[in-house]
Every structure is written in structure tokens, then in C-alpha cells.
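# Structure assessment
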Number of protein chains: 2
Amino acid sequence: MLAIGEFSRLTHLSVRTLRRYHDAGLLEPATVDPASGYRYYSADQIPTAQVIHRLRELDVPLPDVARIVRSPDPGDRAELVAGHLRRLEDQLAATREAVASLRRLLHPDPPPLQVRLRAVPATPVAAVAGVVDLDGVLAWYAGAMAELDAVVAEPEGPPGGLYDNALFETGRGHVLVYRRTAGPTAGGRVHPVTLPAVELAVTTHAGPHDDIDVTYGELGAWVVANGLAVAGPVRESYPVGPRDTDDPAAWRTEIGWPVFPMAAR
Amino acid sequence: MLAIGEFSRLTHLSVRTLRRYHDAGLLEPATVDPASGYRYYSADQIPTAQVIHRLRELDVPLPDVARIVRSPDPGDRAELVAGHLRRLEDQLAATREAVASLRRLLHPDPPPLQVRLRAVPATPVAAVAGVVDLDGVLAWYAGAMAELDAVVAEPEGPPGGLYDNALFETGRGHVLVYRRTAGPTAGGRVHPVTLPAVELAVTTHAGPHDDIDVTYGELGAWVVANGLAVAGPVRESYPVGPRDTDDPAAWRTEIGWPVFPMAAR
DNA sequence: CTGGACCCTCTCCCCGGGGGAGGGTGCAGA
DNA sequence: TCTGCACCCTCCCCCGGGGAGAGGGTCCAG
């Protein structure tokens, strides 16, 4: 039986951290003296402590660590770990993209932004709508678009979507993806919808979506400079997207932001 | 002039976050109405907001972001950014190593640990000592060892170090690195020191230092199983180290932990 | 039996936000 | 000019994974 200080020395985990792991139900001492509250660990808990240490170095949240070290089946455990490694991969990809986008921001090579005003009439479309978290929007988009493809036999023009401002402001909001078509417009989650008529400020973003907010910002600056104000929901359409090519640099995203004269807000 | 909500829509930064950035002195509104406290932004602050956004995606702390966006000289700014990118690289390397170490832990292929007890007599050495942070210990070690090499003409045996337990427990502690020699033992930070006689439990760790705590743990378990207790400072020596080869898998680190009979603590 | 190392619980602090309460402002339509 | 409502303000509490320290109990060797 090892007192907490001794166990700390053997595992390179601080005494404080060991106590926290006990409170979190993550690493229970082998025995606890009921009179004094002293924690006593056994030497064969050392490997467990080391696994915990590694998982924490990978920023796995404590509750997930608890699930991993407590799961009895090594298969389940491996699966949980693999899931977290995938999460790390995604994070790494996001980091790389942020670095690239930062470089583009700091060393700009700005092609002048083409903004046009376009009066869009009310448009009937086949649509899938829902309330979505910002993190899950990509997955939701893929699923919704697959359903649209299954239902809409003869699409016209590129697919598109409407995104509520709340999605960017609070991380959750209404999203609607649509296809224009002369054919059927209902089935499963797909329903016919008529997009309202609006005046749009339209521009096209080229490349991956990691720095699409830059284009949003430039579009917004143009709108403001022209005495207009924006109001959601924003419309995007995807003349060239992940459905068309695997090369994000080739993507083209048309952004249409409903505008009003400043005074008419 | 844009109200905060409008600016939020143009930058995809939440209203809350914009207010926080104002409070942190990171992104000052162009004007603030002294009567109402309303913040008003100008459209040409959008690029700055986007740079901040990217830096935050890279987990650059707010004070550092403030330094970057406020530094007038683009060269300085690039240097600050580059520094953070280096930090990200290091972090990435650490993550990779933790993943590798975790795999080794979960799929162990354990060569049986060779532990020997060795009575070490008092030993005169040339040494550099200091109080070091755990993060900086590698850099400190490199500097100290370079000074030792400059002073000690004829070293005997591998270099070594003594590490206070506090280094692992509180992240800061006494460290002493030494070389045995029959030659000079003083110069610069180098001073003659006599390491006290101790009884050591000794084993050798093979490979990079990322999972050296596993060997520490196994050594500790062996010590406990043999009715002994450990006490610092730990001694390490480096028969094969970064000085000898660039391949961390070839490194050999001898760990000697002072031991006492359990009862004699 | 005593001193000192060790251990206990408790509270407060850090970061970068999110959530909500409670109240003041700006502006368009009536 | 009034009213309603969207917008804005400040202030406080919450999260996770610890670090720091206060104040007090416990263990054990000399």
C-alpha cells in the first residue's frame, strides 16, 4: 500500500491531480482509511495511472477517460481510444487550415471582389429544413443533400442553402438546403418551399470554406460602403462544391446576402 | 459605423466575444457613445477581426493576440506569429509522441525489466546545478552540458543528472548535471561536487523519453514489491543519448532511484 | 512524547468564453 | 409625439482541469 505522495512519485502525477482523479471516480485508491481519509494505492494501479496520464496529455476530457479506463472489454476500450484519435486528427486538420488561412490573411493577394446586386423573385424549390448546431452542419448538409438527390429527379441549377444568422451568433440555428426542379418536391424530409423574393448582394467565394468569413467580411464592407444594411438569412449556393470535385481550391460558393437601404432597417 | 450586432454578422464573431475583445483591449470599437456605452465599429476593422479570429482558432492566448495585432512593424508581427506556429509544431510533436506512447501502453510488448540494487559510494564530479522549470529542463540541460564539455577535458563514463522530486510534483525543482573526470572541475557555472553515497535501485530505459514514466512506474513497483521505499533525488545517466545519436529509439537512460528499507523511512 | 513530514478538506484563482437577469436606447410606424 | 420592439448595456454565475494556499488532523521515528 502506497500513500498518495509515494504514488505521486511513482507516476509523475501531482498529489492534487491524484485527489481530483479520485473525486472524479477516475482512479479510485485501493483503500481509503475511513477514520483519517488517507488514500492508499497499490503498485498495480501504476499502469492505469499511466494510461490516464497519456489520455490527459491528449486532452481527452476526464469523463471520457473514466469511460475508457473503466470499460471492461478491450475492444470497446480500443474503439473509444480510436474515436478520440480521430477527433485529434480532425482538430489537426482544422489547425492546419487555420494556419493556411492566417497566412493568406497576412500576405494577401486580393483579387478585387466582384459584388453584384440581384433582385431575386420568389422561387419554388424542394427543400430540407432543420435546426442544426454549427459543428454538425457539414454532416447534416451531406445527409439532407443525399435525400434531396434521391427525391429530386431533374434538378435545375446548383444546390443551395439558407443559413440563419443565429447559426453564427449562437452556434445553432435554422438551416434550409434546397434544389430547384420542375419535378417532384416531396418525400421523406423533403418538402416544397417557396423562397421569398429578396434583394441580394451577391459575390462568389473561391476555394475551401475555412476562410469564407473573409469573403463574408469583404461582402459586408461593400454593402456598408454602398449605403446598405444586411439581414439574414444568408443564401449560399454551390456551383462547384464537394459534390463536384475533391479539390477544395476549385470550389466556388456564391454568397447572397439580403440587403436593405440603411434607412429602411 | 456599425453597431455591434451588425459587426458580429460581418465577422462571424459573437456579440459577447466582441465585447470581451474590447474589454481585453484587443479590438477597440472605432467609437463608443459615452452616454449609452454603445460600441460602434467601422468596416475597415473587419480584417483585423478576422486575423484575431484565426489566431484564436490556433489557441493563441488573448494577451499574445493583442501583442500581435497591435505591433506596428509587420516584421515583428510576422515574428510573433512564427513563434506561435513553432509552439504549435512542438505541441503537435508532443501529441504524436503521446499517441505513440499510448499505443505502447495499451499493446504492451514488455521485455522483463532488469532491476539491480547498487551501492554507490560518494563520488566527486564536475557539476552544474540550478533550479529549473519542467518545461525548460531540456534547454537547460543542453546549455549546462555544453558548459561541462567545455570545462571537463577528460570525462569518465556517461554524463548524468540528479532530479529533485519537486520537479515532477510542482513542475519546478533542483537539477544537477555532472560528469565524472580526473581533470579540472571548475569554470563558469561548473563546480566540483561530491555526490553522496546511496543505495540505488537501477534499471535502464530504452527509447525516447516520452514514456520514461512507464519505466519509472515499473521500477517503483519493483522497489515496493521488494519491501523498499524510494526517496529523491533520482539519478539518471545517459550511456546513449541525444549527444550520441539522433535516433531516439536507440537512446539508453539509466535510472537510479535511492532506496531505503520500508521501515527505515 | 514530541516534532516534523505527511495527509485531509475547503475556498479562491486562471482562461475564454456561454447563459441569463435586469435595465437602458434607438428608431420606425401609428 | 408616443409606443413597441429590437437592440444594446453591465453584472454575475457556469464550465474544465487543474494551481495555490489556509487551517487542521495523522503517522511514525527518535
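Residues numbered from 1 in each chain as written. Chains lettered and ligands numbered in written order. Predicted model: local features only at pLDDT ≥ 70, side-chain atom pairs only at ≥ 80, totals over all residues. Heavy atoms only, no water.

Neighbouring residues of DNA strand D: 21 residues in total, closest A:Arg16, A:Arg20, A:Tyr38, B:Gly5 and B:Arg19. A distance of 2.5 Å is found between a base nitrogen of DNA strand D and a side-chain nitrogen or oxygen belonging to A:Arg16. In this structure, a phosphate oxygen belonging to DNA strand D sits 2.6 Å away from a main-chain N or O atom of B:Gly5. Every element with two or more residues in the surface near DNA strand D is listed here: α2 (15-23) of chain A together with α1 (4-11) of chain B. By residue class, the composition of the surface near DNA strand D is 8 nonpolar, 6 polar and 7 charged. (Near = heavy atom within 4 Å. Polar contact = N/O pair within 3.5 Å; in protein donor to acceptor, adjacent residues only side chain to side chain. Helix = DSSP H or I, 4+ residues; strand = E, 2+ residues; numbered from the N terminus. Nonpolar A, V, L, I, M, F, W, Y, C, P; charged D, E, K, R; others polar.)

Neighbouring DNA strand C are 21 residues; A:Gly5, A:Arg19, B:Arg16, B:Arg20 and B:Tyr38 lie closest to it. Within 4 Å of the protein, the atoms of DNA strand C are drawn from sugar and phosphate moieties in a proportion of 65%. Residue B:Leu62 places a main-chain N or O atom 2.8 Å away from a phosphate oxygen belonging to DNA strand C. At the level of secondary structure, the elements contributing two or more residues to the surface near DNA strand C comprise α1 (4-11) of chain A together with α2 (15-23) of chain B. If one sorts the elements of the surface near DNA strand C by residue count, α2(B) sits on top with 4 residues. Here the residues of the surface near DNA strand C are counted per class, giving 8 nonpolar, 6 polar and 7 charged.

Residues and elements named next belong to chain B. For alanine 186, the position within the fold is in the loop between β7 (172-181) and β8 (191-195). Residue classification places alanine 186 among the partly exposed positions, given a relative accessible area of 49%. Sequence-distant contacts of alanine 186, defined by excluding residues within four places in its chain, comprise Val151 and Pro192. (Buried < 20%, exposed > 50% of the residue type's maximum accessible area, 1.4 Å probe, protein only. Contact = heavy atoms within 4.5 Å.)

Interface size is commonly expressed as the accessible surface area that is lost when the partners come together. Listed per partner, the contact involves 46 residues of chain A and 46 residues of chain B. With both sides pooled, the region where chain A packs onto chain B buries about 4,100 Å², and carbon together with sulfur makes up 68% of that total. Interface area lost by chain A to chain B is led by A:Arg9, A:His12 and A:Arg54, which between them contribute 17%. Between the two partners, chain A and chain B, sit 2 salt bridges. Between A:Arg54 and B:Asp213 there is a salt bridge whose closest N-O contact spans 2.5 Å. Our count for the contact surface shared by chain A and chain B stands at 9 residue pairs in polar contact (both at pLDDT 80 or more). (Buried area = accessible area lost by both parts, 1.4 Å probe. Salt bridge = Lys/Arg side-chain N within 4 Å of Asp/Glu carboxyl O.)

All names here are of chain A. Even without being glycine, histidine 12 reaches a positive phi, approximately 60°. Checked against the element boundaries, histidine 12 lands in the loop between α1 and α2. Positioned with a positive phi, aspartate 59 is a non-glycine residue whose angle comes to about 60°. Along the chain, aspartate 59 turns up in the loop between α3 (46-57) and α4 (62-70).

Further remarks concern the confidence of the model for chain A. Across chain A, the average pLDDT comes to 86, with 98% of residues at or above 70. Averaged pLDDT values for the elements of chain A fall to 78 in strand β10 (residues 228-230) of chain A and rise to 95 in strand β3 (residues 39-41) of chain A. (pLDDT = per-residue confidence, 0-100.)

Take the sheet that holds strand β3 (residues 39-41) of chain B next. Residue and element names in this part refer to chain B. Judged by pairing direction, the sheet is antiparallel, and its 3 strands sit side by side in the order β1-β3-β2 without closing on themselves. Edge positions in the sheet fall to β1 (2-3) and β2 (31-32), since each of these pairs with one other strand and no more. Bridge count for β1 against β3 is 2 bridges, and the pairing is antiparallel. Across the sheet, residue leucine 2 finds its bridge partner in β3, namely tyrosine 41. (Pairing = 2+ DSSP bridges.)

All right, on to the packing of aromatic side chains then. Here a ring pair, both rings aromatic, is described through the centre-centre distance and the interplanar angle of the planes. Applying the stated criterion across every chain yields a total of 8 aromatic pairs over all chains. Centroid distance A:Tyr216 to A:Trp257: 5.3 Å. Interplanar angle 80°. Geometry classified as edge-to-face. Taken together, the residues A:Tyr216 in helix α8 (residues 212-225) and A:Trp257 in strand β12 (residues 252-261) connect sequence positions 41 residues apart. Ring centres of B:Phe7 and B:Tyr41 lie 4.4 Å apart, and the angle between their planes is 10°; this geometry places the pair in the stacked category. With B:Phe7 in helix α1 and B:Tyr41 in strand β3, this residue pair connects regions lying 34 residues apart in the sequence. (Phe/Tyr/Trp six-rings, centres within 6.5 Å; stacked < 30°, edge-to-face > 60°.)

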